[in-house]
Amino acid sequence: MALKFLNKKGWHTGSLRNIENVWKAEQKRDAEDKKLEELRKQIQEERERSEFRQLQEQAGLVPKQERLDFLYDSGLAVGKGSSGSDGGFKALEAPKIETPSESSSKRGSWHSISTPQYGQ
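Procedures and definitions
Sequence order as written defines residue numbering, which begins from 1 separately in each chain. In keeping with the model being predicted, local features are shown solely for residues with a pLDDT of at least 70 and side-chain atom pairs are shown and tallied solely at 80 or more, while totals for entire chains, interfaces and linings include all residues. To obtain the side-chain values, all non-hydrogen atoms of the structure were used and water was disregarded. Helix and strand assignments follow DSSP, with helices taken as H or I runs no shorter than four residues and strands as E runs no shorter than two, numbered in order from the N terminus. Think of it in three bands: with a 1.4 Å probe and only protein chains considered, a residue is buried below 20% of the maximum accessible area for its type, exposed above 50%, and partly exposed in between. Any pair of residues with heavy atoms lying within 4.5 Å of one another is described as a contacting pair. Methods summary: accessible areas were calculated by the Shrake-Rupley approach with a probe of 1.4 Å, and residue burial reflects only the protein chains presented. Multiplying one less than the number of residues by 1.5 Å gives the expected span of a helix. UniProt positions are given in the numbering used here, feature names are shortened, and annotations may be inferred rather than shown by experiment. Counted as salt bridges are all cases of a side-chain nitrogen of Lys or Arg within 4 Å of a carboxyl oxygen of Asp or Glu. Nitrogen and oxygen atoms within 3.5 Å of one another constitute a polar contact, given that in protein one can donate a hydrogen and the other can accept it, and given that sequence-neighbouring residues count only through two side-chain atoms. Patch members must show over 30% relative accessible area and no salt bridge, and they are joined within 9 Å when carrying like charges or within 5 Å when they are nonpolar side chains of Val, Leu, Ile, Met, Phe, Trp or Tyr.

Another aspect to go through is the overall build of the chain. Helix and strand counts for the chain stand at 2 helices and 0 strands. Here the chain holds 120 residues, and 6% of them are scored as buried. If you take every contact in the chain between residues at least 6 apart in sequence, the share linking residues at least 24 apart comes to 26%. Put simply, the chain shows about 11,600 Å² of open surface, and 55% of that area lies on carbon and sulfur atoms.

Its 44 residues give helix α1 (residues 16–59) an end-to-end C-alpha distance of 64 Å, which sits within 8% of 64 Å, the value for a rise of 1.5 Å per residue. Those residues of α1 lying buried are N18, E46 and Q56.

Another aspect to go through is the UniProt feature "coiled-coil region" (unreviewed entry) in the chain. Those residues carrying the UniProt feature "coiled-coil region" (unreviewed entry) are residues 22–56 in this numbering. This span, residues 22–56, is 100% helix and 0% strand, and a straight line between its end C-alpha atoms measures 51 Å.

A few words on the pattern of salt bridges. Across all of its chains, the model carries 4 salt bridges by this definition. Where E20 meets K24, a salt bridge forms, and the shortest distance between an N and an O atom there is 3.4 Å. Here K24 and E20 lie together in helix α1, a separation of 4 residues that amounts to about one turn.

Turning our attention to the side chain of S15. Along the chain, S15 falls in the segment before α1. What makes S15 buried here is its relative accessible area of 6%. Only 3.2 Å separates the side chain of S15 from the side chain of N18, close enough to count as a polar contact. Non-local contacts of S15, meaning those with residues more than four positions away in its chain, are made with N7 and K9.

Together, L68, L71 and Y72 make up a nonpolar patch on the protein surface, roughly 390 Å² of accessible area in all. Position of L71 among the secondary structure elements: in the loop between α1 and α2 (100–107). The exposure class assigned to L71 is exposed, which follows from its relative accessible area of 53%.

This is the structure:
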């Protein structure tokens, strides 16, 4: 009995459609693996660079700079935390606004503030 018709069935592993789907899945997996390896290399280079910079700062060869370098980084290091112990975003917080009762306790009375007289 000839079994040539099996190759035309959808579930058969030798059908061209299934072979093509397997090939596409393998290509996609290979591309993802390549991308992950590239990201691993990039993360490793960033770590080495930051460790080298810290060693230079500790040795006194390079002055320590308090900059916002994390804004310009690639984003791979997100979640590591900032180098400062204060959380890194203290400078971005809104300043405290004093109410008239708080300012009067500091200066005396807020009514005693002289206002400029125009037209005299």
